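# Report on the structure
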Amino acid sequence: LEPMVRHELIPYLNRRFGTHLPGCSLTVRFVGTGQSAIDQSLREHVTLPANVILNSSFEGGRVDFTFALPHDTPEDRAHLESVKQQLVQHLGDYIYALDDTSLEQVVVRRLAQQGLTLALAEVGSGAGLAASIEGEPGVENVLLGAYTAPTEQRLRQLLRVPDEAWAKCASADERVELIAAATASATRSAWVLAVGEPGLDVGKNRSLTVVFRLPDGRQESQRLGVRGSGQLARTSLVTQLLDQLRRRLR
């Protein structure tokens with residue numbers, strides 16, 4: 001349909017309504033913050049050109065903002081560069097790309113650039129993290145293995161964690177830490193990410209334990225909230241996991 005849009009629809013809209021394609025544009029991709037927070041920051045900290053066309057979209061915990069101008073002149077490009085610099089200054093921690101690069105691509109590229117590898121052990125994310133990055137260019141050089149099972153108990157059996165070591169675990173954090181250590185031993189990967197199974201935390205909210213095993217052998221445990229249910233919840237969780245990896249791979 002692209003030729004029809006280019007050669008028929010766009011010229012018709014131009015004749016009928018005076019519309020035209022934007023001359024130059026800037027796409028900024030955010031994660032870890034919401035549209036309302038970005039809107040507020042734009043109002044308070046960013047000077048936008050008077051003729052800017054602003055669009056935004058939200059999906060799976062990720063927010064895209066596109067800033068477009070009607071023409072493509074050096075002045076227009078300078079305006080967009082100023083917008084970019086202001087956004088980086090005030091929201092840089094939440095920006096993962098300044099083009100159409102995906103969050104998955106960012107993580108895979110950072111692993112490759114640093115010569116690091118990754119192994120995954122997933123319960124609560126249902127292999128969603130491995131599936132999200134498996135088609136990315138270069139992933140075969142960084143992803144050493146991905147284990148998944150419906151429960152922590154099944155996953156530890158898959159990884160051959162000894163019964164006596166498992167019996168000593170007094171908490172979900174300890175169980176997932178043991179799974180992460182077993183995954184590192186099985187794959188010899190520099191980085192390991194282990195995702196436990198969902199449960200209720202002290203506030204009666206659904207959450208799960210995530211363990212990041214770093215190249216130096218240290219393990220960092222974290223509780224992540226599980227919002228909603230089904231595929232939407234899994235997509236949101238995968239976004240959170242990728243964002244946490246992105247932040248640690250700076």
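Refer to the structure above for everything that follows.
Now for a look at the structure at hand. Please read these numbers as outputs of a predicted model, since none were measured by experiment. Each chain carries its own residue numbering, running from 1 in the written order of its sequence. Per-residue local features of the predicted model are confined to residues with pLDDT of at least 70, and side-chain atom pairs are confined, for both listing and counting, to 80 or more; whole-chain, interface and lining totals are unaffected and use all residues. Computation of side-chain values covers all heavy atoms of the structure but excludes hydrogens and water.

## Examining the pairing of strand β1 (residues 24-31)
A simple rule labels every residue: compare its accessible area, found with a 1.4 Å probe on the protein chains alone, to the largest value its type can have, and call it buried under 20%, exposed over 50%, or partly exposed in between. In this description a helix means any DSSP run of H or I spanning at least four residues, a strand means any run of E spanning at least two, and both kinds are numbered starting from the N terminus. Most of β1 sits inside the fold, with six of its eight residues counted as buried. A strand pair is defined by DSSP finding two or more bridges across the two strands. Sheet analysis places β1 next to strand β3 (residues 62-69), joined by eight bridges and oriented antiparallel. Following the sheet pairing, Phe-30 is matched in β3 by Val-63. Relative to strand β4 (residues 95-97), β1 runs antiparallel, the two sharing two bridges. Note on β4: the bridge partner recorded for Arg-29 is Ala-97.

## Focus on helix α3 (residues 74-91)
Expected helix span is given by 1.5 Å per residue-to-residue step, counting one fewer step than there are residues. Helix length check: α3 (18 residues) gives 25 Å between terminal C-alpha atoms against 26 Å at 1.5 Å per residue, within 8%. Turning to α3, its buried residues are Asp-76, Leu-80, Val-83, Gln-86, Leu-87 and Leu-91. When α3 is viewed along its axis, its buried side chains cluster within an angular range of 120 degrees and face the same direction. For α3, the exposed residues set more than 90 degrees away from the buried face come down to Pro-74, Glu-75 and Gln-89. Here a residue-residue contact requires only that any non-hydrogen atoms of the pair lie within 4.5 Å. For α3, the secondary structure elements touched by its buried residues are β1, α2 (35-45), β3 and β4. The directions considered for the arc are those from the helix axis to the C-beta atoms.

## Considerations on a nonpolar patch on the surface
Residues enter a patch when their relative accessible area is above 30% and they make no salt bridge; the linking distance is 9 Å between like charges and 5 Å between nonpolar side chains (Val, Leu, Ile, Met, Phe, Trp, Tyr). Areas reported here follow the Shrake-Rupley algorithm with a probe of radius 1.4 Å; residue values treat only the protein chains shown as occluding. For this document, the term salt bridge refers to a Lys or Arg side-chain nitrogen within 4 Å of an Asp or Glu carboxyl oxygen. Taken together, the side chains of Leu-1, Met-4, Val-5, Leu-9, Tyr-12 and Phe-17 define a hydrophobic patch exposed on the protein surface, amounting to about 660 Å² of accessible area. With respect to the element layout, Phe-17 can be found in helix α1 (residues 2-17). Judged by its relative accessible area of 54%, Phe-17 falls in the exposed class.

## Section: unusual backbone geometry
Located in the positive-phi region is Arg-160, a residue other than glycine, with phi close to 60 degrees. When you line up the elements, Arg-160 lands in the loop between α7 (152-158) and α8 (163-167). At Arg-188, a position not held by glycine, the phi torsion is positive, near 60 degrees. Note on placement: Arg-188 falls in the loop between α9 (172-187) and β7 (191-195). For Arg-188, a relative accessible area of 67% gives the class exposed.

## Some words on the pattern of salt bridges
Per the stated rule, a full pass over the model turns up 13 salt bridges. Of the charged contacts, one joins Asp-93 and Arg-250 as a salt bridge, the two residues approaching to 2.4 Å between their closest N and O atoms. Residue Asp-93 is found in the loop between α3 and β4, and its partner Arg-250 is found in the segment after α10 (230-248); the two are separated by 157 residues along the sequence. Since its relative accessible area comes to 59%, Arg-250 is described here as exposed. Residue Glu-152 is joined to Arg-175 by a salt bridge in which the shortest nitrogen-to-oxygen separation is 2.8 Å. A residue pair is termed long-range when its members are at least 10 positions apart, and Glu-152 in helix α7 and Arg-175 in helix α9 qualify at 23 residues. Relative accessible area serves as the criterion here: at 3%, Glu-152 is assigned to the buried category. The class of Arg-175 is partly exposed, set by a relative accessible area of 25%.

## Topic: the packing of helix α4 (residues 103-113) against α10
Axis definition: a line fitted to C-alpha atoms, over the contacting stretch in the case of helices. Angles run 0 to 180 degrees between N-to-C directions. Following both chains from N to C, one finds α4 and α10 inclined at 35 degrees, their axes separated by 10 Å at the closest point. When the axes of α4 and α10 are compared, the crossing they make is left-handed. Where α4 approaches α10, its residues Leu-103, Glu-104, Val-106, Val-107 and Arg-110 are matched on the opposing element by Thr-239, Leu-242, Asp-243, Leu-245 and Arg-246. Lys, Arg, Asp and Glu make up the charged group, whereas Ala, Val, Leu, Ile, Met, Phe, Trp, Tyr, Cys and Pro make up the nonpolar group; the residues left over, Gly among them, are polar. The class makeup of the residues in the contact of α4 with α10 is five nonpolar, one polar and four charged. Left-handed describes a crossing whose near helix is turned anticlockwise from the far helix through less than a right angle; right-handed describes the clockwise counterpart.

## Focus on the sheet that holds β3
In sheet architecture, strand pairing relies on hydrogen bonds along the backbone and comes in two forms, parallel and antiparallel. Taken in spatial order, the four strands line up as β2-β3-β1-β4 in an open sheet, and their pairing is antiparallel. If you trace the sheet from one side to the other, it starts and ends with β2 (53-59) and β4, each paired once. Direction aside, neighbouring strands of the sheet carry axes that sit 30 degrees apart on average. Of the strands in this sheet, β1, β3 and β4 touch α10, which is tilted by about 100 degrees from β1.

## Looking at the packing of aromatic side chains
Think of it this way: a Phe, Tyr or Trp ring, Trp meaning its six-membered ring, pairs with another when their centres are within 6.5 Å, and the plane angle makes it stacked under 30 degrees, edge-to-face over 60, tilted otherwise. A complete count under the given rule lists two aromatic pairs for this structure. On the basis of an interplanar angle of 85 degrees and a centroid distance of 6.0 Å, the ring pair of Phe-30 and Phe-65 is categorised as edge-to-face. Residue Phe-30 is located in strand β1, and its partner Phe-65 is located in strand β3; the two are separated by 35 residues in the primary sequence. With relative accessibility at 0%, the residue Phe-30 sits in the buried group. On the basis of an interplanar angle of 25 degrees and a centroid distance of 6.3 Å, the ring pair of Phe-65 and Phe-67 is categorised as stacked.

Any functional reading would require information that these geometric values do not contain.
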